[in-house]
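Here's the letter readout for the chains.
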Amino acid sequence: AGPCDLYATGGTPCIAAHSTTRALYNSFSGALYQVKRGSDGATTNISPLTAGGVANAGAQDTFCARTTCLITVIYDQSGRGNHLTQAPPGGFQGPEANGYDNLASAIGAPVTLNGQKAYGVFISPGTGYRNNAVSGSAKGDQAEGMYAILDGTHFNGGCCFDYGNAETNNLDTGNGHMEAIYYGDSTYWGSGTGNGPWLMADLENGLFTGRNPKNNPAPSITNRFFTAIVKGGPNQWALRGGNAVSGSLSTYFSGARPTPSGYNPMSKEGAIILGIGGDNSVSGQGTFYEGVMTTGYPSDATENAVQANIVAAGYATTSLTSGSGFNVGSSVSLRATTSGYTDRYLAHTGATVNSQVVTSSSASSLKQQATWTVRAGLGNSACFSFESRDQPGSFIRHYDFILKVNANDGSKAFKEDATFCPQSGLNGQGSSIRAWGYPTRWIRHYDNVGYVGSNGGVKTFDAAKSFNDDVSWVVGAGLA
Ligand code: AHR
Ligand code: AHR
Ligand code: AHR
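Here the structure is a predicted model, which is why all the values come from computation and not from measurement.

Visitor: Would you mind going over the pattern of salt bridges with me for this structure?
Guide: Two side chains that carry opposite charge are able to pair once their charged atoms sit near each other. The full count for this structure, using the stated rule, is 14 salt bridges. Between Asp417 and Arg397 there is a salt bridge, and its shortest N-O distance comes to 2.8 Å. Here Asp417, found in helix 5 (residues 412–417), pairs with Arg397, found in strand 26 (residues 394–399); they are 20 residues apart in sequence, far enough to count as distant. Looking at Asp417, the relative accessible area reads 16%, which means it is buried. Between Glu416 and Lys412 there is a salt bridge, with its nearest N and O atoms 3.2 Å apart. Of this pair, Glu416 and Lys412 are both found in helix 5, four residues apart, which corresponds to roughly one turn of the helix. A relative accessible area of 11% means that Glu416 is categorised as buried. On the basis of relative accessibility, which here comes to 36%, the residue Lys412 falls in the partly exposed class. Several salt bridges share partner residues, and in doing so they unite Lys231, Arg240, Asp300 and Glu303 into one network.

Dropping the structure here:
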């Protein structure tokens, strides 16, 4: 049985079931998600390999070969048509045209399920999905449940990496108008013990770990794969969670609604959001693998059975990189492959990253400026960071999507901005190197300056023209 078969048996059926990694019903063999590729704008649906099984990641890899792909639709497997698509603007604007949010890269969150490859949904700040016309969701004070499997190591303190029930007009319409899973280390509203991250319930104008709107004894989460559960009914709600790869769930809170006014009774509106706050706050980050919304308040026993199903699905990490040429401790150069620019190397002048012509007779200072020491990724050791040859302790990082060479200040944000995941070159040469935290964005030269560009995005340096060439680099030995 799949998770939604278990919820149905428990009398609290799924009204929405979202996953890019696997079928959530034993008999489901339809489309799990849709991807759109950059080369020609074509779309395709990705389905399970077998009914009830793992997504056909190989079909995505074939369709997306030598180009970029975005996740355009996360289909609802419940049969109600509650699909998630690119979120529109609301109280806050997204970064895309007309205030829409970004779509997620199709390759940002690779995993295996019992050894079979699949891709999750990597949410960078600015990315979000929504459905404002949901069939069967909880409204007002009606009861509902939800779970999501998340990457417990991918989070931030921005508002708000959520999955769950939100406003239907993309605006903050007041306390109690949401009921969603939040994951991160925001302390602006509530928090738990330690430094976080925490599972909290986003009930609108507050992230709650219990009755007290500020602090309650909810634990900091350290699991790589984390099962997050929020459920709520009339003056009753609970937060539960656990390691998604072994063991059972813990109840972090179960009891009456929070004390401030507006949360009892609730005024749920019934939209579904992923990766954003109810008012389209777009500053959160996190990774979503699968999740469902139910009607009715699921029993702990039902959720425990779902947790056992999740553990049996066998989530595991897999390589974040492809191609070759990067070895920790080695010294490399990165030569441009765009026609007319192939004598240029990724280099820096002070803090500015650029591409410069370097030859064997160049000054050794220039050769050093175009040489990088490969380090284990500061923000994720499964990827890499590039330390300046002539400014040890300084690394290539992006800021406002512009590449810089800056000293490592030790912050989580710096480390993440300085982490890059090489893939086989998009134009068939060398490597293309995506930003770990923004998998739609790749190290690119544009007007001979360094950026992390997305293929056809809104920035000048996102231009689709010559994108694959501008992001493909021949990896060679260091020049000095
Ligand atoms: O409750 C926290 C956030 O506050 C909500 O997600 C958002 O709508 C509001 O800004
Ligand atoms: O480069 C994009 C973002 O810009 C970085 O992640 C952040 O540090 C800066 O605000
Ligand atoms: O960086 C040099 C060129 O500038 C790039 O190839 C092109 O995309 C831009 O016009």
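Visitor: What exactly am I supposed to notice about the state of the cysteines here?
Guide: Two cysteines whose sulfur atoms are joined by a covalent bond form what is called a disulfide. Using the criterion set out here, one finds four disulfides in the structure. There is a disulfide in this structure between Cys159 and Cys160, and the S-S distance comes to 2.1 Å. Handedness of the Cys159-Cys160 disulfide follows from its S-S torsion of about -95°: it is left-handed. Of the residues examined, Cys159 reaches a relative accessible area of 19% and is grouped as buried. Judged by relative accessible area, Cys160 falls into the buried class, the value being 1%. Each sulfur in the disulfide pair Cys383 and Cys421 lies 2.1 Å from the other. Across the S-S bond of Cys383 and Cys421 the torsion is about 95°, and the bridge reads as right-handed. In this pair, Cys383 sits in the loop between strand 24 (372–376) and strand 25 (384–388) while Cys421 sits in strand 28 (residues 420–424), placing the two residues 38 residues apart along the sequence. Assigned by exposure class, Cys383 and Cys421 land together as buried.

Visitor: Please explain the site of ligand 1 as it appears in this structure.
Guide: Residues in contact with ligand 1 amount to 14 residues; listed here are only the nearest, Asp202, Glu204, Asn205, Gly206 and Asp279. At 2.6 Å, a side-chain N or O of Asp279 approaches an oxygen atom of ligand 1. Its residues assigned to classes, the shell around ligand 1 shows five nonpolar, five polar and four charged.

Visitor: Which parts of the structure should I look at to understand unusual backbone geometry?
Guide: Negative phi is the rule for most residues except glycine; trans is the rule for most peptide bonds. Look at the link from Cys159 to Cys160: it is a cis peptide, with omega at -10°. With respect to the helices and strands, the residue Cys160 is situated in the loop between strand 10 (144–151) and strand 11 (162–166). In this structure, the amide linkage connecting Gly196 to the following residue, Pro197, adopts the cis form with an omega of 0°. Examined against the element boundaries, Pro197 turns out to sit in the loop between strand 12 (179–184) and strand 13 (198–202).

Visitor: Is there a simple way to think about the pairing of strand 21 (residues 331–336) in this case?
Guide: Looking down a regular strand, the side chains alternate between one sheet face and the other. Pairing of strand 21 with strand 24, which is carried by two bridges, proceeds in the antiparallel orientation. The residue of strand 24 that forms the bridge with Ser331 is Thr373. Across five bridges, the pairing between strand 21 and strand 32 (residues 473–477) is antiparallel. Opposite Val332, over in strand 32, you have Ala477 as the bridge partner.

Visitor: When you look at the packing of aromatic side chains in this model, what are you seeing that I'm missing?
Guide: Ring pairs (aromatic) are described by centroid distance and by the angle formed between their planes. Tallied over the full model, the rule gives 16 aromatic pairs. Relative to Tyr289, the ring of Phe225 has its centre 5.4 Å away and its plane inclined at 50°; by these criteria the two rings are tilted. Placement of Phe225 in strand 15 (residues 225–233) and of Tyr289 in strand 19 (residues 286–295) is noted, with a sequence separation of 64 residues between them. Each member of the pair, Phe225 as well as Tyr289, carries the same accessibility label: buried. With a centroid separation of 5.0 Å and an interplanar angle of 80°, the aromatic rings of Phe401 and Tyr438 are classed as edge-to-face. On the criterion of sequence distance, the pair formed by Phe401 in the loop between strand 26 and strand 27 (402–407) and Tyr438 in the loop between strand 29 (431–435) and strand 30 (441–446) is long-range, its members being 37 residues apart. As far as burial versus exposure is concerned, Phe401 and Tyr438 are alike and both buried. Taken together, the aromatic side chains of Phe326, Phe384, Phe386 and Phe420 make up a single cluster linked through ring pairs. For Arg37, the ring lying beneath its charged end belongs to Phe63, and the centroid distance is 4.1 Å. Here the basic side chain of Arg441 rests over the ring of Phe401, its NZ or CZ set 4.1 Å away from the ring centre.

Visitor: How should the pairing of strand 15 be read in this particular structure?
Guide: Taken across its nine residues, strand 15 has nine buried, putting it largely inside the fold. Going residue by residue along strand 15, you find Phe225, Thr227, Ile229, Lys231 and Gly233 tucked away on one face and Phe226, Ala228, Val230 and Gly232 tucked away on the opposite face as well. As paired strands, strand 10 and strand 15 are joined by eight bridges and run antiparallel to one another. Looking across to strand 15, one finds that Ile149 is bridged to Thr227. Linkage of strand 15 to strand 16 (residues 236–243), two consecutive antiparallel strands, is achieved through a turn of two residues, within which Asn235 is found at a positive phi near 40°.

Visitor: Honestly, the site of ligand 2 in this entry has me stumped. Any pointers?
Guide: Every residue lining ligand 2 is accounted for by Arg397, His398, Tyr399, Asp400, Phe401, Asp417 and Tyr438. A distance of 3.5 Å separates an oxygen atom of ligand 2 from a polar backbone atom of Tyr399. In this structure, Asp417 approaches ligand 2 through a side-chain N or O atom, which is 2.5 Å from an oxygen atom. Taken by itself ligand 2 offers 280 Å² of open surface, and the protein chains cover 78% of this. With three residues, strand 26 is the largest single contributor of residues to the shell around ligand 2. In terms of residue class, the shell around ligand 2 is built from three nonpolar, one polar and three charged.

Calculation criteria
- Residues numbered from 1 in each chain as written.
- Chains lettered and ligands numbered in written order.
- Predicted model: local features only at pLDDT ≥ 70, side-chain atom pairs only at ≥ 80, totals over all residues.
- Heavy atoms only, no water.
- Salt bridge = Lys/Arg side-chain N within 4 Å of Asp/Glu carboxyl O.
- Helix = DSSP H or I, 4+ residues; strand = E, 2+ residues; numbered from the N terminus.
- Buried < 20%, exposed > 50% of the residue type's maximum accessible area, 1.4 Å probe, protein only.
- Disulfide = S-S within 2.5 Å.
- Near = heavy atom within 4 Å.
- Polar contact = N/O pair within 3.5 Å; in protein donor to acceptor, adjacent residues only side chain to side chain.
- Nonpolar A, V, L, I, M, F, W, Y, C, P; charged D, E, K, R; others polar.
- Pairing = 2+ DSSP bridges.
- Phe/Tyr/Trp six-rings, centres within 6.5 Å; stacked < 30°, edge-to-face > 60°.
- Lys NZ or Arg CZ within 6 Å of the ring centre and 35° of its normal.
- Areas by Shrake-Rupley, 256 points an atom, 1.4 Å probe, with all protein chains shown as cover.

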